[in-house]
Amino acid sequence: MATNKANAPAAGMLWGGRFTGGIDPLMHQYNASISYDKLLYKEDILGSIAFARANAKSGIISDDEFAEIERGLREVLKEWDTDTFAIMPNDEDIHTANERRLGEIISKDIAGKLHTGRSRNEQVVCDMRMWLRERIHEIDNHLVAFLQVVIARAEAEIDYIMPGYTHLQRAMPVRFSAWLLSFGFAFASDLERLREIYKRVNKSPLGCGALAGNAFNIDRDMMAKELGFDGILWNSMGAVASRDFVTEFLQWGSMFMGHISNWSQDLILWCSSEFGFITIADSYSTGSSLMPQKKNPDGLELLRGKSGRCFGQLAGFMMTNKALTSTYNKDLQESWEPMLDHVKTISDSVQIANGILSTLTIRPERMLAALDPTLLATDLADFLVRKGVPFRETHHISGRVVAKSEELDIPMNTLSLEQLKAIDDRFTDDVMDIFNYETSVESRSAKGGTSRSSVLEQIKVLKAIYIICN
């Protein structure tokens, strides 16, 4: 329950001048963001240095005052870097904390000029964009490393043949490499999309003021260049309000984690005793506190589970945004935590996925044992197609062959030629040649297929994608 006491004076805040009373202590805590936006201390300080430099160019502060501000801010940066910065009770956010400490180092008379013409509305979104673009670079590097492992394993294990599934039912023989590359191309598309997002993140809002622009003719292009932005956001009202870059990153992360979840789900099934296609390394598994025999694929299950976390962050933030009035509203503070958590979740997840794929063991003998001649029913239909029979007819004929093998409870490839001819007399002696899994995958030689040549071509294309993106 909120207290009526007002022992956190508003006069101690950057915005407190027009207030005559204090702020409720619970409201102070509710309003504060320093517990998480302190992670952006470096970006906040670099942005302040660039802003002060531009104000010096405009003559708002002297060169000596700028030099003192820069010296003081770099001292503040050093304190953060060495974990000696002391957060005070009235430091409601990283901007307040840094400016307060700057005043203690160089005097409030000079430090008080730092914020001339600047609003926290532009400051916060500038910090966020600078921070996110660096995290995008890091995620990009992790994703490229993951793709390299995908490609290396696809090349090394191209000979392994396994059942391919639709509806989680065995469907046709495929190469393990073809399955792996199906996700490799999804992750490569994710990488391309991430690079597109970066372009929209890396635009500067600095110099837009609270909403109406800067009154001191500040050089926005100069600040953008110093801070490494590719350009500026052209409308001040939109610049301070827009969190589209956060929403877009959350959308990207949700799609990526969806792919990771699908990939994990397949591997979770495959490492079970019922499949046994792979073994997950102990490094990414845990046991049971009761059942000594258990080895659980917890790394994969967490990857699958954290996708829901990411989806929820996206949905929640979009709901926060959907009914806001124009320019800045305090609701936008809710963009911080999902962005920060999303970045950590994505970054950790890519690295965990890489570790799992790098260390898992393939069991090709179990893959081979799971193959069943009924997986070649399509090949049987294709056999008659090559003899001029319409496919719709051959599909029906092959289905009757499958039904006969089930009726007799024998593998389809053990049916005699006489039994096959009894179903359709266009079967010839060479029909038995189609009951070969290697022949089946090699017959799918069109681009994108499961033949060795097709898989090697896909590897080449995938390499080109991540090299271009990198």
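Thresholds, definitions, all that
- Residues numbered from 1 in each chain as written.
- Predicted model: local features only at pLDDT ≥ 70, side-chain atom pairs only at ≥ 80, totals over all residues.
- Heavy atoms only, no water.
- Helix = DSSP H or I, 4+ residues; strand = E, 2+ residues; numbered from the N terminus.
- Buried < 20%, exposed > 50% of the residue type's maximum accessible area, 1.4 Å probe, protein only.
- pLDDT = per-residue confidence, 0-100.
- Contact = heavy atoms within 4.5 Å.
- Core = buried A, V, L, I, M, F, W, Y, C linked by side-chain atoms within 4.5 Å.
- Phe/Tyr/Trp six-rings, centres within 6.5 Å; stacked < 30°, edge-to-face > 60°.
- Pairing = 2+ DSSP bridges.
- Axes fitted to C-alpha atoms, helices over the stretch in contact; angles between N-to-C directions.
- Parallel < 35°, antiparallel > 145°, perpendicular 65-115°, else oblique.
- Left-handed = near helix turned anticlockwise from the far one by under 90°.
- Nonpolar A, V, L, I, M, F, W, Y, C, P; charged D, E, K, R; others polar.

**Some points on the environment of M128**
Here is step 1: Its location among the elements puts M128 in helix α7 (residues 120-156).
Here is step 2: Using a relative accessible area of 0% as the deciding quantity, one classes M128 as buried.
Here is step 3: Spatially, the C-alpha atoms of M128 and K113 are 23 Å apart, while their sequence positions differ by 15 residues.

**Re the confidence of the model for the protein chain**
Here is step 1: Summary statistics for the protein chain give a mean pLDDT of 94 and a share of 95% for residues scoring 70 or more.
Here is step 2: Overall, residues 1-9 carries pLDDT values under 50, and its contacts beyond four positions in sequence, including any with other chains, amount to 17 contacts.

**Regarding the environment of N354**
Here is step 1: Structurally, N354 is set in helix α13 (residues 336-359).
Here is step 2: In sequence terms N354 and L143 are 211 residues apart; their C-alpha atoms lie 8.6 Å from each other.
Here is step 3: If sequence neighbours within four positions are ignored, N354 has contacts with A145, F146 and V149.

**Comments concerning the nonpolar core**
Here is step 1: Membership of the largest hydrophobic core comes to 72 residues, with the highest contact counts inside it found for L132, F146, F187, W252, F256, W263 and W270.
Here is step 2: Sorting the residues of this core by element identifies α7, α8 (176-201), α11 (244-270), α12 (298-321), α13 and α19 (452-469) as the ones contributing at least two each.
Here is step 3: Among the elements that make up this core, the one with the highest residue count is α7 (15 residues).
Here is step 4: If you look at the next biggest cluster of nonpolar residues, it comprises 23 residues, including L375, L384, V401 and I434.

**Observations regarding the packing of aromatic side chains**
Here is step 1: Inspection of the entire model under this criterion finds 15 aromatic pairs.
Here is step 2: Relative to F187, the ring of F146 has its centre 5.1 Å away and its plane inclined at 45°; by these criteria the two rings are tilted. With F146 in helix α7 and F187 in helix α8, this pair connects stretches of sequence that are 41 residues apart. Accessibility classification places F146 together with F187 in one group, the buried group.
Here is step 3: Ring centres of F249 and W252 lie 5.9 Å apart, and the angle between their planes is 20°; this geometry places the pair in the stacked category.

**Notes on the pairing of strand β3 (residues 161-166)**
Here is step 1: Of the pairings in the sheet, the one linking β3 to strand β4 (residues 169-175) comprises 6 bridges and is antiparallel in character. From the neighbouring strand, G164 faces β4, where its bridge partner is M172.
Here is step 2: Connecting the antiparallel pair β3 and β4 is a turn made up of 2 residues, with H167 showing a positive phi of about 55°.

**Some thoughts on the packing of helix α15 (residues 377-385) against helix α16 (residues 391-408)**
Here is step 1: Interaxial distance between α15 and α16 falls to 8 Å at its minimum, and their mutual angle equals 135°. Viewed along their axes, α15 and α16 adopt a mutual orientation that is oblique. Here the hand of the crossing between α15 and α16 comes out right-handed. Residue-level contacts link A377, L380, A381, D382, L384 and V385 of α15 to F391, T394, H395, I397, S398, V401 and V402 of α16.
Here is step 2: Tallied by class, residues from the contact of α15 with α16 come to 9 nonpolar, 3 polar and 1 charged.

**Some remarks on the side chain of S349**
Here is step 1: Within the secondary structure layout, S349 lies in helix α13.
Here is step 2: Once you skip the residues sitting within four places of it in the chain, S349 turns out to touch M257 and L303.

**Some words on the environment of I139**
Here is step 1: Along the chain, I139 falls in helix α7.
Here is step 2: Distance from I139 to K344, taken between C-alpha atoms, is 9.6 Å for residues 205 residues apart in sequence.
Here is step 3: If near-sequence neighbours (up to four positions away) are discounted, I139 is found in contact with L194, F249, W252, V343, I346 and S347.

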